[in-house]
Amino acid sequence: MAPDVRPWVKMRGIHKWFGGVHALRGVDFSVRRGEVVGLIGDNGAGKSTLIKILSGVFPPDKGEILIEGRRVRFRSPKDAKEHGIETVYQELALVDNLDVPANIFLGREPALVGGGSLLALLHKGRMVREARALLARLKVNIGDLGALAGELSGGQRQTVAIARALYTEPKLLIMDEPTAALAVQEARKVLDLVRNLKERDIGVVFISHTLQEVFAVADRIVILRKGEKVGDFPVEELTVDDAVKLMVGGD
Amino acid sequence: MDFRAWLRRVNRNRVLFPIAALALLVVVASSLSPHFLTPMNIKNVLSQVSIIAILAAGEACVILTGGIDLSVGAVLAIGGSITAVLMKWAGVAIPWAILGGLTAGALAGALNGLMVAWVRIPSFIATLAMMAVARGGTLVLTNGRPVSGFLKSFRALAGYAGPLPILFLVTFGVYVLWQVSLSHTRFGRYVYAVGGNETGARFVGVNVRRVKLLVFTLAGLCAALGGIMLDARLNAAYPTAGEGYELDAIAAAVLGGVSLSGGVGSLVGTFFGALVMTVLGNILNLLKVGAFYQYIAKGLILAVAAVSLSRGVRFAK
Ligand SMILES: Nc1ncnc2c1ncn2[C@@H]1O[C@H](COP(=O)(O)OP(=O)(O)O)[C@@H](O)[C@H]1O
Ligand SMILES: [Mg+2]
């Protein structure tokens, strides 16, 4: 299949202020289908803020988002999901006091009766069956699905969080430091999973502080510094050294 | 699964503690007094627990989401007195008077929910304000005097269906319905999700505000129902009714295993927690401990329960 060269999603001139902090200063950012974009930058550079805007957590103060050339406005993460954008969050992926299927289906529980209403009766059996099937497809072994998320290991939690994001077959998957808490062996599984997504024509935004990981998995690397985009390169045209220089500034 | 893992699973929402505490109290009480296990006293305990338990149901659900409702005692009073005033002074038919009281309670609860979820006032402040407003409203409405002497058909609510108090059956019905909703509906799941990880729940698209609004509204509705039940029981609506009941409701929930940081607990546990509080009051009465000291005892129990039960609920983070 010939790669589609037009971006699937495009962010233009994005600004974000937190009180006096100018966290994003006119950032342009785009992702094509089946493309893995590595997003790097020092702590506080604005990476999380940028992807939170893209996933509908909060709106930009200025700038716009286009999907397939059409302008969209996300009022909530739900809006972004409905457009095919799923996110695995850095810090707050799972609800610790709910079990694995409950976490995978949180916010989109299948109902026995009552459809999408708050008072709908949950189809618990289906959630367990589909959670098991999904994890098997991703070759993830959790053991006891009835365990609470808070009882799982860090690696298990991350794979559950990713599985949850993949359940709806999104067009774009955003991962904010998915490997930060993982041992090398477990991190490799996540990277394999990312390559796997590429074959399925899903775009990926991958944030990590481990540049080796980013270089191993990304097609293109975008560098932020203090809220500004200071680099956007195909991975072949960038070295780790140059990336570091751009991240910290001062050539 | 080995026995300990199984036990931990069963006790995930910590129902075993209040059941054990109740069993212990029953043993103590029946050895202290031969009157405790008489049908008369059991019936008495069951009608007493009904009203505390109704308040505790609403309270427990609010606490499960990570909030607190200090207004349930005052909302009990305004719900009860509105129903009473409608019946006695306005000559409204009983069902409509009850509906009026319940509506007032639900509205007060909804206002709590709006203050907490939309205006983002911490729940203990928002509901403290509601406590003052609802109590003052009750005093204004009744001129500070009791409204008493209801029709027989209304007082029948405080009667018996076979051996069981009707009030107890009402409460029991509410608990069954509510526990089923907590365990099996989307609403219930979201209550636990909001209490466990509010931001995380919002990020996956849970409408946290609506969950909170509903939870506080239900707590107000329950409180008003408690007020109407108390009207029937006392054959009067006192403007001071329900003073201090928020303490009993919170204590029942906490003793029942509901974690004050949210996300852990159940209505089954809360029901036993309410029974523990009631039986304890009953024992203190049997021991002829005065009402003033009972207040102190309840406060101490709440403090001890909150401290000891907040241990061991830390999740791996
Ligand atoms: N919710 C927030 N409230 C206030 N300031 C914030 C918030 N989120 C991020 N910031 C600030 O915005 C800047 C960018 O943060 P962030 O996007 O988290 O950076 P990164 O993910 O690249 O480390 C930082 O200065 C941070 O302190
Ligand atoms: Mg970050």
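No experiment lies behind these values; they were computed from the predicted model shown.

About the thresholds
- Residues numbered from 1 in each chain as written.
- Chains lettered and ligands numbered in written order.
- Predicted model: local features only at pLDDT ≥ 70, side-chain atom pairs only at ≥ 80, totals over all residues.
- Heavy atoms only, no water.
- Domains from an automatic or database assignment.
- Contact = heavy atoms within 4.5 Å.
- Buried area = accessible area lost by both parts, 1.4 Å probe.
- Salt bridge = Lys/Arg side-chain N within 4 Å of Asp/Glu carboxyl O.
- Polar contact = N/O pair within 3.5 Å; in protein donor to acceptor, adjacent residues only side chain to side chain.
- Helix = DSSP H or I, 4+ residues; strand = E, 2+ residues; numbered from the N terminus.
- Buried < 20%, exposed > 50% of the residue type's maximum accessible area, 1.4 Å probe, protein only.

Asks: How do you make sense of the domain arrangement of chain A when you look at a structure like this?
Replies: When the parts of a complex come together, some accessible area is lost, and that lost area is often taken as the interface size. Residues and elements named next belong to chain A. As assigned here, chain A comprises domain 1 (1–84 + 172–251) and domain 2 (95–169). Placing the centre of domain 1 and that of domain 2 at their C-alpha centroids yields a distance of 26 Å. Every contact between the two is made by eleven residues of domain 1 and, on the other side, eleven residues of domain 2. Overall, the association of domain 1 and domain 2 removes approximately 890 Å² of surface from exposure, summing both partners, and the carbon and sulfur fraction of that is 70%. Three residues stand out in domain 1 for area buried against domain 2, namely L173, L193 and R200, and they jointly supply 43% of the buried area on that side. The interface formed by domain 1 and domain 2 includes zero salt bridges. For the pair domain 1 and domain 2, the interface holds one residue pair in polar contact (both at pLDDT 80 or more).

Asks: Could you clarify how one ought to interpret the interface of chain B and chain A in this entry?
Replies: Between chain B and chain A, the residue contacts involve 28 residues of the former and 35 residues of the latter. If you sort the residues of chain B by the area they bury against chain A, R186, R189 and F203 of chain B come out on top, with a joint share of 30%. Inspection of the region where chain B meets chain A yields three salt bridges. One salt bridge in this structure joins R186 of chain B and E109 of chain A, with 3.1 Å as the shortest N-O distance. On inspection of chain B and its partner chain A, the count reaches 14 residue pairs in polar contact (both at pLDDT 80 or more). Those elements giving two or more residues to the side of chain B that touches chain A turn out to be helix 8 (166–184), helix 9 (186–196), helix 10 (198–203) and helix 11 (208–234) of chain B.

Asks: Would you explain the side chain of T83 of chain B in this entry?
Replies: Residues and elements named next belong to chain B. Tracing the backbone shows T83 in helix 4 (residues 72–88). T83 sits in the buried class, given a relative accessible area of 0%. Within the structure, the side chain of T83 is placed 3.1 Å from the backbone oxygen of A97, a separation counted as a polar contact.

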